[in-house]
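Residues per chain are reported as follows:
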Amino acid sequence: MHVIKHKTLSDFYKLPAHRDARGALEAWYYEARHSLWASSADIKGQYGSASILKKNRVVFNIAGNRYRLVVRINYDSKTVFVRFIGTHREYDKIDAEAI
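Now for a look at the structure at hand. Counting restarts for each chain: residues are numbered from 1 in the order of the written sequence. Under the rules for a predicted model, residues below a pLDDT of 70 receive no local features and side-chain atom pairs below 80 are neither given nor counted, while totals for whole chains, interfaces and linings still include all residues. Side-chain numbers here rest on the full set of heavy atoms in the structure, without hydrogens or water.

Another point: the pairing of strand S5 (residues 79-87). Across three bridges, strand S1 (residues 2-4) lies against S5 in parallel orientation. The residue bridging Val3 from the neighbouring strand is Val80, located in S5. Of the strand pairs in this sheet, strand S4 (residues 67-74) and S5 are connected by eight bridges, and their pairing is antiparallel. If you follow Tyr67 over to S5, its bridge partner there is Thr87. By the convention used here, strands pair only if DSSP detects at least 2 bridges between them. Strands here are runs of E lasting at least two residues and helices are runs of H or I lasting at least four, both read from the DSSP assignment and numbered beginning at the N terminus. The turn joining S4 and S5, which pair antiparallel and follow one another in sequence, is formed by four residues; a positive phi near 60 degrees is taken by Lys78.

With that settled, the discussion passes to the environment of Lys78. For Lys78, the position within the fold is in the loop between S4 and S5. C-alpha separation for the pair Lys78 and Ile94, spaced 16 residues apart in sequence, amounts to 25 Å. In this structure Lys78 touches Met1, His2, Trp37 and Ala38, once residues within four positions along its chain are discounted. Any pair of N or O atoms that falls within 3.5 Å is considered a polar contact. Within protein, one atom must be able to donate a hydrogen and the other to accept it, and sequence-neighbouring residues count only if both atoms are side-chain atoms. Polar side-chain contacts of Lys78 include one of 3.4 Å to the backbone oxygen of Trp37. Note on definitions: a residue-residue contact is assigned when non-hydrogen atoms from the two residues lie within 4.5 Å.

In structure tokens form, the structure reads like this:
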């Protein structure tokens, strides 16, 4: 998969309050880049705790569920768009299906 964009992830974990997310986000990024997800079922097979939302959105639990990562996936073009990364409190303030 082509992940757009890694800089969003690195900007997040470079913040002092989120440094603990670096290893988990880099591991997720590596795994996503080397995956060939054709459907949400493929994601659930790899990440059982992922939440599948409408409009091809997927929510991943990151760093022991301390953070939430929301992506939009275009399965035809094999592209993953990072839409949001944040704490649970920050996640609760967004509409994950609209971002």
